[in-house]
Amino acid sequence: MKCPLNSLWSPSLLLWTGLLLRCEAKVYTEIQPGPLYRVVGSKFSISCNTSGFRDETDEKIFEFRVTKPARPNFEINIISTHDKDFGYASHQGRVSSKDISLTHVNPNSALFQIQRLLKDDEGEYDCKVVNTESLFDGTYSAKTTVKVIDNSLSVSSSGATTSLSYNEGEALTLTCQASSNTIQHTHLSFAWYLRKDGQTDAQPIISLDRYFTLSPGQGFEQRYREGAIRLDKLGEATYRLKMAQLEVSDQGKIYCQAQEWIQDPDRSWYLIAQKDAEEFTLRVKTTEVTDMSSLVVNMAVDQTTLQEGEELLLSCSIDTQNLEERFFSVAWLWEGIELARIGPTGILTVPPEYSHREKEGELRAMRVENRKYTLILKPVRTADQGKFICRAWLEERGSDGSFTKGTIQESSPQLIKISAAESELSVVMQDATVLITESEKLRLVCKVGGFKDQLSVTWQRKPKLQTALLTDVISLSQDGVMETGADFMSRKVSGMRPAADSFILELDEVTPSDSGVYQCTVTERTSNGKIYSQSQSANVTVKSIESLVKLSLKTRYSRVTVGDTVELMCKVTRLHVPAIFSWIKQNEDSSLNTIVTLSSDGPISWSGDQHHYQVQVEKQEKAVMYYLNIVGASHREAGRYQCVMSVFLESKYKKLPPSNSLMVVVQNPVSNLVLTSSPKITQTVNTDIQMNCAVSSKPLYSCFYAVTWLHRQDAVNTTILSSDQNAVVKFEPHVEQKDRHRISMWRKSTSNFELTIRQARLSDRGVYECRVVEWLQDPRGDWYALPAKSAITKLDISEPANDLILDKKKQQVMTNEGDEVKLRCNISSDASALSYKVSWFYASPTSLSMNYSLVELDHTGLLTYPSNQALSGLQSRLRLSRPAQNDFYLGIQRAHKADSGIYWCQVEQYQLDSDGQWKQKASKTSGSITLTVNVTGANLSVEVAEGQINISNTKSFEIPCHITQRSSDEAQYQVSWFWQKDAEAKRPIFTAFRNSTLQAGDRKGALRFDRPLQNNFTLTVLEPDPDDSGLYFCEVEEWLYSLSLGWRNVATKKSGNLNVTVHTDGSSEAVADHMSDLFPVVFAVTVIVLLVVILILALKMCKNKNSAGNKSGLSLWAEQHPLNDKST
């Protein structure tokens, strides 16, 4: 039969579509991976997203919890998107004040925020999405770790004043220090900002991002490309801004800003700290500039050979068209270094290194006429010898007042030679070589001799091994005026003259960058106008503090046991400056965690869980000892430790080389676990086997045990099942389902374990290993395992002999109908190792050749009743039991007479083979059991004594009916009273049926029925008349219930006759007189009989108080009203 191709594709397409939809429906919840390092006091946020729910538009319920390091097993509820009372009291206040918030970004995303992060907020955060669907399918929570660290970012600007005033076109130089003491690996970004007058927002001038890329701000791009704006990083923490030519639009507030960034585990960068330095106020004055394309520059000098102290005059002339209408800038250079410049507006500017000479009048520059500019140096020094050049360029003034620089033109160079003058002035540097430590004070002394007139001194510096020009440090004029060099304006520097022949330079908090050649130049100005100068130099070396301060870490014991105390000692030598000391620990992922930070001025800052750490500081003569004690060490404290230190110099942090790392190994305690088990167990197949494994040693600590049972057969170990420290039992995946029903494990006590194998097979034999792992809890509450210990039990399983023997003896069992019968099938062989199928059979006594199967109990415990309509009643009353291993009983409840017959059992012996299949080994039949069920026979007896009474028609008389013997306690009775007169036929006068129905006969008089006792019936004739004379008697019918025949009349008995004579009152006076004499005797006898009857009645009631129906001894008639005839 053919089928179309699309009919084959349709089911496959549906299947794959279903699988695809199933995969897409899987719920997935994600959060930023940790650890996330954030700064205390900063704003913090975590985004939590979920996907895979069936209804993506339904707004999900998000919940946030945190676990603190101090209590890792205790979760704290923080906030929920749908339950305002979700958070614990510790966070409820911050939630109410909106310091902590959780808001939906969209139905499947939420943002958790903390406006101001606290140190105590450190921990593991759990974002959970509440599942509102009926099916759980996926991940509904995600966790991340947050570490809260101190804010150690420092930003400061250099400068003596915050108000700056420059001319348009002049150069601006500003410096700023930025550093961080964060232990984690972070990057700094840096930027200079300008907030122009009248504007609220600042705009970046130039920035250095965290990838160390320079970028100009908007509006400064062209000047950056021309090199007019620069950002230089000097050393580790100094950032210098240079703006070569200021513009009027540059005025406003200038400040520097530093940002600290850290890279999260997802490789994204996160801003953790930001600080601004103090602002500078910049004012830029407008100047006018003109451009000119054609310019001729010449320089003239009166003398090219001079003596020290004389005057050097350099004349610079320029020539161009329309000279009077244009603007120029003129500059003089010595050896390529600018000495002075006259701008287009005639303003003189001098570089910082020559500013002191200009202020002292030693350097002057001026415009003599339109075409001519002069530079005068007086007195000249031998250091001024060299080539001089005059440089000029046109400046074109725009409509906005700004100048545009034209092409530079230079004169021919002029070589000037200067010889030393004759003078007795001498200068000696007290220390030609100075070695000093960073952060200390530099002090240089310059001794002067042979002078006669006023002296001035200039201290200058240049770096070693460089040919750069000396820069001014500080100068002291002959009038005592002190002037600090431009590069040292922000430094603590001073120049002193404590004696006439001594000049002293002091520079505080030196750094390695201050190393170099320091020159002391002393100038004498004589009364005749001559000037003499002498100089001396000193080599100054500033050793960095990191080359001197050493951190050394050690401990007495680096290998400790869980719960021990570890003492780490960090020795810091030659430390004489304020410092910040930190203990850090390296994690397995190589990240660093700060444990505690100590400042030399006292504050201590802990990070994370501090409960297991203690710190101590001890000052010694040449060192400082820092101690870190780990109290109650756990595996969390194991790792590599270091001590690190930073110093705060020149408004910035400087990290010193860390100490050596020290590995702390936390070992588990030695286990004293001892196991005991039975070395060998021998059993036969199909039996239940118990193997015990007990801990006989006393544990040193409070512990739990994890147990694994392994089976070794043919040198191959196979794990069967295991129970973890929480007593959760788990089978290995390879264990088949049928074996999981046979094998079980349970703990008889906390240290006693039992493996049970039911219906053992030959394949179960081998060596069984009980492997026990001891779990202990460390001081932090974490559980850890000690090495496993094992106990071995060898299991031998053999097949039992085929010795099935049944009892062949014939049995006779007789019972009464209604009783319970038990028929026994006895196995004489050892039945413990095998399984048996037992079948019971029945044959009717009227047809012994017809055998019927009644019930079967197979070897697996399955009970079945073969279908047989004729025997369904009997089968419903059958019960099988096995009170002993070798006895099988067939119970017949409420035996019927029809149950009589012959019974026997058939036993089949079964055994599991190595493949787990049942195999029959033997089959035997027991001897027959003949069961006879008897029906209860008649044994009724009624009192037959004859009686006679004479009675007046005014009195009543009783007709008793007493049953003296019953056939069964379950019997019911029908009692009838009869009256017979002379030869007439007997006439019924009253009947009490067995169902408690009463029926009167054809007598017209009143009757009363009573049953004072269970076996006593009484009929009272009320108000008789003479016609009632005659014979009275009762007949009793006894009825019994048969399970086979139903209710049946088993016997009828007649009582004796009561001859009653009724007469009128007159005829009975003689009898009455006679009876009156007997009345006391009769009364006494009657009282005695009544007491006896009452006693017997009480005993009967106690005996039969639980019997039902007719067993009651109470009267069937509660009231004693006369019973009228039916016709009445």
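For clarity, every value in this text was computed on a predicted model and none was experimentally measured.

Engineer: Looking at this model, I keep getting lost on the state of the cysteines. Mind explaining?
Structural biologist: A covalent bond between the sulfur atoms of two cysteines is what we call a disulfide. Considering all chains together, one arrives at eight disulfides under this definition. A sulfur-sulfur distance of 2.3 Å marks the disulfide that ties C446 to C520. Disulfide C446 to C520: torsion about the S-S bond roughly -100 degrees, handedness left-handed. With C446 in strand β34 (residues 442-449) and C520 in strand β40 (residues 516-525), this pair connects stretches of sequence that are 74 residues apart. Using a relative accessible area of 0% as the deciding quantity, one classes C446 as buried. We classify C520 as buried; its relative accessible area is 0%. There is a disulfide in this structure between C570 and C643, and the S-S distance comes to 1.9 Å. Sign of the S-S torsion, about 65 degrees for the bond between C570 and C643, identifies this disulfide as right-handed. You can see C570 sitting in strand β44 (residues 566-573) and its partner C643 sitting in strand β50 (residues 639-649), a full 73 residues away along the chain. Overall, the relative accessible area of 0% leaves C570 in the buried class.

Engineer: Hey, could you run me through empty space enclosed by the protein in this one?
Structural biologist: Rolling a probe over the atoms, with the probe sized like a water molecule, indicates the empty space that remains. Applying the stated criterion across every chain, the model contains five cavities of 30 Å³ or more. Roughly 60 Å³ of internal volume is contained in the second largest cavity. Taken together, H356, E360, E362, R381, S456, V457, T458, S475, L476, S477, T521 and T523 make up the full set of residues lining the second largest cavity. Of all elements in the fold, only β35 (454-462), β36 (471-476) and β40 reach the threshold of two or more residues within the lining of the second largest cavity. No other element matches the three residues that β35 contributes to the lining of the second largest cavity. Here the residues of the lining of the second largest cavity are counted per class, giving two nonpolar, seven polar and three charged.

Engineer: Is there a simple way to think about the pattern of salt bridges in this case?
Structural biologist: As a working rule, side chains carrying opposite charge can pair if their charged atoms are close by. Under the criterion given, the structure shown has 39 salt bridges. The closest approach of N and O atoms between E63 and R65, which form a salt bridge, is 2.8 Å. With respect to burial, E63 and R65 carry one shared label: buried. Shared partners join several salt bridges into a network, and the residues in it are R357, E362, R381 and D384.

Engineer: Before we go on, may I ask you to explain the sheet that holds strand β55 (residues 689-695) in this structure?
Structural biologist: The strands making up a sheet associate through hydrogen bonds between their backbones, and the pairing can be parallel or antiparallel. The antiparallel open sheet is built from four strands, whose spatial order is β53-β55-β60-β59. The outermost strands of the open sheet, each flanked by one partner alone, are β53 (675-677) and β59 (743-749). Taking each pair of neighbouring strands and ignoring which way they run, the sheet shows an average axis angle of 20 degrees. Taken together, the six bridges between β55 and strand β60 (residues 752-757) define a ladder with antiparallel strand orientation. Pairing of I689 across the sheet is with I757, part of β60.

Cut-offs applied
Residues numbered from 1 in each chain as written. Predicted model: local features only at pLDDT ≥ 70, side-chain atom pairs only at ≥ 80, totals over all residues. Heavy atoms only, no water. Disulfide = S-S within 2.5 Å. Helix = DSSP H or I, 4+ residues; strand = E, 2+ residues; numbered from the N terminus. Buried < 20%, exposed > 50% of the residue type's maximum accessible area, 1.4 Å probe, protein only. 1 Å grid on protein atoms, 1.4 Å probe; cavity = no way out; pocket = protein on both sides within 12 Å on 5 of 7 lines; lining within 4 Å. Points joined across faces, edges and corners; volume = space filled by probe spheres on them. Nonpolar A, V, L, I, M, F, W, Y, C, P; charged D, E, K, R; others polar. Salt bridge = Lys/Arg side-chain N within 4 Å of Asp/Glu carboxyl O. Pairing = 2+ DSSP bridges. Axes fitted to C-alpha atoms, helices over the stretch in contact; angles between N-to-C directions.

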